[in-house]
Every structure is written in C-alpha cells, then in structure tokens.
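What the coordinates show
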Amino acid sequence: AGPQVVHFVDNTSAVAALVKGYSRAPDSVTLVHLFAALRLELRMDVWLQWVPSKANIADLPSRGDFAMLRSMGSVSRPMFF
C-alpha cells in the first residue's frame, strides 16, 4: 500500500471529474488522466474532499495573493526546469 492522501478541492467539477476519471473538456481530461496515472504509479490511496473556496488554503495564492503565506513564514524560490 502507498501513501494515503487527502486533497481539499474547492471546485465541484474538478472533484467530479477526478472521481469519475473523465471529463468532456479536453484540457481537463488530460489532467484527470495524468492524475490517475500518478495515483497508480505512486500507489496512492486518495480521498477528494470538496471545501468552500474560503476554506481552501490554496485559493488566495492561486489568485496571486501571497500575503497569508508570507505571514506564515513562506519564502519564494525561483523555479528551474
């Protein structure tokens, strides 16, 4: 058995697509299939939980607001690919 992972997601369509393993939207289905492949590769036991946007700690940074993260001691590092 692999790691047990809980994802808190504030998008009901995303939760539904990840649970079903399918989406009609081409860009979404690509991400859904990549997620499924990663789950299999890492043997993850995944639980997807919908939460309101206000309760999602990732919501503000995804909108470019990093104040809360900085107040918690977060630092930014350049990304290298």
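I will try to describe carefully the structure that is included in this document. Keep in mind that this is a model prediction, so the values were computed, not measured.

What counts and what doesn't
Position labels on residues start from 1 in each chain and follow its written sequence. For this predicted model, a pLDDT threshold of at least 70 governs which residues receive local features, and a threshold of 80 or more governs which side-chain atom pairs are given and counted, while totals over whole chains, interfaces and linings are taken from all residues. Where side-chain values are given, they derive from all heavy atoms of the structure, hydrogens and water being excluded. In this scheme, patches are assembled from residues that exceed 30% relative accessible area and form no salt bridge. Like charges are connected within 9 Å, while nonpolar side chains (Val, Leu, Ile, Met, Phe, Trp, Tyr) are connected within 5 Å. Values of accessible area rely on a 1.4 Å probe in the Shrake-Rupley scheme; residue burial ignores everything except the protein chains shown. Here, a salt bridge means any side-chain nitrogen of Lys or Arg that lies within 4 Å of a carboxyl oxygen of Asp or Glu. Here a helix means four or more residues in a row that DSSP labels H or I, a strand means two or more in a row labelled E, and each is numbered from the N terminus. Among buried residues, those of type Ala, Val, Leu, Ile, Met, Phe, Trp, Tyr and Cys that are joined through side-chain atoms within 4.5 Å constitute a nonpolar core. For every residue, the accessible area (1.4 Å probe, protein chains only) is compared with the maximum for its type, and the residue is labelled buried under 20%, exposed over 50%, or partly exposed between those bounds. Comment: arc refers to directions from the helix axis out to C-beta atoms. Contacts are residue-level and defined by heavy atoms, with any inter-residue pair within 4.5 Å sufficient. Whenever two N or O atoms come within 3.5 Å, that pair is a polar contact, provided that in protein one can donate a hydrogen and the other can accept it, and provided that, for residues adjacent in sequence, both atoms are side-chain atoms.

1. Things to note about a nonpolar patch on the surface
On the surface, a cluster of nonpolar side chains totalling about 360 Å² of accessible area is made up of Ile57, Leu60, Met68 and Met72. Assignment of secondary structure puts Ile57 in the loop between strand E2 (45–50) and helix H3 (59–62).

2. Some details on the nonpolar core
In terms of nonpolar packing, the biggest core is built from nine residues, these being Val9, Val15, Ala17, Leu18, Val32, Phe35, Met44, Val46 and Leu48. Listed by contribution, the elements that provide at least two residues to this core are helix H1 (12–20), helix H2 (26–42) and E2. No other element matches the three residues that H1 contributes to this core.

3. Looking at H1
In an α-helix, one full turn covers 3.6 residues, which means residues spaced three or four apart are oriented alike. Along H1, the residues that are buried comprise Val15, Ala17 and Leu18. Here the buried residues of H1 occupy an arc of 165° about the axis, which is enough to place them on one side. In H1, the exposed positions angled more than 90 degrees off the buried face are occupied by Thr12, Ser13, Val19 and Lys20. Of the surrounding secondary structure, the elements contacted by the buried residues of H1 are strand E1 (4–9), H2 and E2. At the N-terminal boundary of H1, the capping side chain belongs to Asn11, with an oxygen 2.9 Å from the backbone nitrogen of Ser13.

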